[in-house]
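A look at the structure
Spelled out, the chains give:
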Amino acid sequence: LALIVIFIIFIQSIKIEINDGDKNLTLILSDKSNEGVLKPSMIGETSSGQPFVLNALKASPLGPGLKDIQLENVSITLGKEGVQTISVDSRNAKYFARDNIAIFFDDIISKTSDGYDFIAQVVNVNLETGFTFLDGPVQGRKGDIEFDAGHVEIHERGNKIYISSGVKLTIPASFVQQIKKE
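In this report, the structure presented in the accompanying data block is examined.

Conventions we followed
Residues numbered from 1 in each chain as written. Predicted model: local features only at pLDDT ≥ 70, side-chain atom pairs only at ≥ 80, totals over all residues. Heavy atoms only, no water. Helix = DSSP H or I, 4+ residues; strand = E, 2+ residues; numbered from the N terminus. Buried < 20%, exposed > 50% of the residue type's maximum accessible area, 1.4 Å probe, protein only. Core = buried A, V, L, I, M, F, W, Y, C linked by side-chain atoms within 4.5 Å. Contact = heavy atoms within 4.5 Å. Salt bridge = Lys/Arg side-chain N within 4 Å of Asp/Glu carboxyl O.

1. Quick notes on unusual backbone geometry
Most peptide bonds take the trans form, and the phi angle of most residues other than glycine is negative. Following Gly-136, the chain continues into Pro-137 via a peptide bond in cis, with omega recorded as 20°. As for its position among the elements, Pro-137 is in strand β10 (residues 132-142). One non-glycine residue, Asn-100, adopts positive backbone phi at about 55°. Its place among the elements puts Asn-100 in the loop between β7 (86-96) and β8 (101-112). Since its relative accessible area comes to 7%, Asn-100 is described here as buried.

2. Side note on the nonpolar core
Counting 28 residues, the largest nonpolar core has Leu-71, Ile-76, Phe-104, Val-123, Val-125, Leu-134 and Val-152 as its most contacted members. If you list the elements that add at least two residues to this core, you get β5 (51-61), β6 (69-78), β7, β8, β9 (116-126), β10 and β11 (145-155). Looking at which element gives the most residues to this core, the answer is β6, with five residues. Leu-71 has contacts with Leu-54, Ala-56, Lys-58, Ala-59, Arg-91, Asn-92, Ala-93 and Tyr-95, leaving out every residue within four places of it along the chain.

3. Side note on the pattern of salt bridges
In this structure the tally under the stated criterion is six salt bridges. When the shortest N-O distance is used, the salt bridge between Glu-156 and Lys-160 registers 3.4 Å. Glu-156 sits in the partly exposed class, given a relative accessible area of 35%. Judged by its relative accessible area of 38%, Lys-160 is partly exposed.

So, in structure tokens, the structure goes:
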């Protein structure tokens, strides 16, 4: 399935080119290094039909060709409200058009709608598949259960979470006693 991308652009001068052979809208920012776009938004779907919304305070081109983008104060949400979702918020991210991947770094917080919270060093979100990869150290929690790990993979908007590489799990005694009663 083709990724449908719509960019909503406010303020700043930009140049938009549309490739007639491609069903996607391609945005190309100005060649000038000090220019960028304020408050861009990217709305689309993964190949499996998961909707996503990516918002940022500012977007600037990365290098020649103007297809890769540096994002500041950025957030992404995969999934529909009312259904399982995952969100990632970060001070900085880079979007690489060729691979359709957003890489988040600097003060990352990630959450699923069913209560998982994560803090990671780097988060890769594949906008083609919707898979989210958190690299560590990663700290996570759901309720009173906490864990540390080197790597976390989130599939299906948080319906499947894989924790690996040096996992340390902290489970409160009250939780263990509750399981014994059941």
